[in-house]
Amino acid sequence: LNNHDLNAILANYNLTKLISASEINAGVENINYLLTTKTAKYVLTIFEKRVNCQDLPFFINLMNFLATNSFPAPQILTQNNSYIFNHNHKNGIIITFLPGKIADKITLNKEILFNLGQKLAELHILTTKFPEKRASDFTPNKVSKLFTIIKEKKLLSTQEITLIANIIDNFTAIDFSKLSQTIIHADLFPDNVFLNNNKICGVIDFYFSCYDYLNYDLATTINAWCFDPNINFNQDLLINFLQGYNLTNKLKLIDKKYLLDFCLFTAVRFFLTRLYDKFHQPKDANITAKIPEEFLKRIYFWQNFKDFDKILNNI
């Protein structure tokens, strides 16, 4: 966006004078700008291909619901009685800027993971009262279809194809009927969380949120937070995350039983989507592609991890 675009968008908002606007070089799909006005900061998001415009009311209503119920989600600004603006045939929103430091810039510790577990549990309890539902973008069937696309593009070795096919088949065979469900975040990575003195003071990027299994959120968060940049697993971080969660929202035995399966499945999901994004990313994109191999290493780790049941039994 140039200054003309930004001024055209902001003309309909009741904001003080724009001082500066800079593109946030993060994320994979949407375009984000940090707006600094005379009195406050905001984030402007332009939604790209992966976000279906029909899902925007769900995401917006969810964030507003959370923010009005004391959960640290951003608030969405309105213009012309609408939360969504349209510019050059694309939809977008402007949200409040959340304070704190982004968690992926901070060395993680047990206290942070304990507080993260509590905050995710609060989210799951709160969203049981949210009246809307949205289907997951990454059900086993949809992940299987993505797997087929990637196989056709010959992006996987024969060993990787066999490995992933077995994991998807085993996961699909699970009886999910008694597992706990609610609205989940589904993408709770450190770059979507803000911290202040080890406390969770902000959660953003709800654009994968859906009605799904608690285990999906737990497993995604474990995969995202319990490995260091060299993909070395930190068991203490896992234990403290689960203890924090379980203290606020006690895990059912049936959910514990299948949590390792979800860790494997979500590792496969992010490995495949990162491969797909890397293959399709435009050469002039102003973002750094996520590394698929980081999640392939997680897949191999979970396949050989023998202490998961012992940890869960002591939570």
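See the structure printed just above.
Residues numbered from 1 in each chain as written. Predicted model: local features only at pLDDT ≥ 70, side-chain atom pairs only at ≥ 80, totals over all residues. Heavy atoms only, no water.

Draft legend 1. Structural view of helix H3 (residues 110-127). If you check H3, its first and last C-alpha atoms are 26 Å apart, about what 18 residues at 1.5 Å a residue would give, namely 26 Å. Buried residues belonging to H3 abut helix H2 (56-68), strand E7 (181-184), strand E8 (193-196), strand E9 (199-203), helix H6 (214-225) and helix H7 (235-248). Two or three places before Glu111, at the start of H3, stands the capping residue Asn109, its side-chain oxygen 3.0 Å from that residue's backbone nitrogen. (Helix = DSSP H or I, 4+ residues; strand = E, 2+ residues; numbered from the N terminus. Expected span 1.5 Å × (residues − 1). Contact = heavy atoms within 4.5 Å. Polar contact = N/O pair within 3.5 Å; in protein donor to acceptor, adjacent residues only side chain to side chain.)

Draft legend 2. Broad picture of the pairing of strand E2 (residues 31-37). Of all 7 residues in E2, 5 are buried, a share of seventy percent or more. Direction of pairing for E2 relative to strand E3 (residues 41-46): antiparallel, over a ladder of 6 bridges. By the bridge assignment for E3, Leu34 is matched with Val43. (Buried < 20%, exposed > 50% of the residue type's maximum accessible area, 1.4 Å probe, protein only. Pairing = 2+ DSSP bridges.)

Draft legend 3. Structural view of the packing of H3 against H7. One way to put it is that H3 packs onto H7 with a least axis distance of 7 Å and a crossing angle of 35 degrees. As H3 packs across H7, the resulting crossing turns out to be right-handed. Facing H3, whose interface residues are Lys110, Leu113, Phe114, Leu116, Gly117, Gln118, Leu120, Ala121, Glu122, His124 and Ile125, H7 presents Asp236, Leu237, Asn240, Phe241, Gln243, Gly244, Tyr245, Leu247 and Thr248. A per-class count over the contact of H3 with H7 returns 10 nonpolar, 7 polar and 3 charged. (Axes fitted to C-alpha atoms, helices over the stretch in contact; angles between N-to-C directions. Left-handed = near helix turned anticlockwise from the far one by under 90°. Nonpolar A, V, L, I, M, F, W, Y, C, P; charged D, E, K, R; others polar.)

Draft legend 4. Focus on the packing of aromatic side chains. In total, this model carries 26 aromatic pairs according to the counting rule given. Here Phe227 and Phe301 contribute two aromatic rings whose centre-to-centre distance is 5.4 Å and whose plane-to-plane angle is 90 degrees, an arrangement assigned as edge-to-face. Taken as a pair, Phe227 in the loop between H6 and H7 and Phe301 in helix H10 (residues 293-304) lie far apart in primary sequence, 74 residues in all. The class for Phe227 is buried, based on a relative accessible area of 8%. Given the relative accessible area of 25%, Phe301 is considered partly exposed. Ring centres of Phe227 and Trp302 lie 5.7 Å apart, and the angle between their planes is 85 degrees; on these two criteria the pair is classed as edge-to-face. With Phe227 in the loop between H6 and H7 and Trp302 in helix H10, the pair connects residues that are 75 residues apart, well separated along the chain. Just as Phe227 is buried, Trp302 falls in that class too. Within the aromatic cluster, the residues linked to one another by ring pairs are Phe47, Phe58, Phe59, Phe65, Phe130 and Tyr207. (Phe/Tyr/Trp six-rings, centres within 6.5 Å; stacked < 30°, edge-to-face > 60°.)

Geometric values such as these leave the question of function open.
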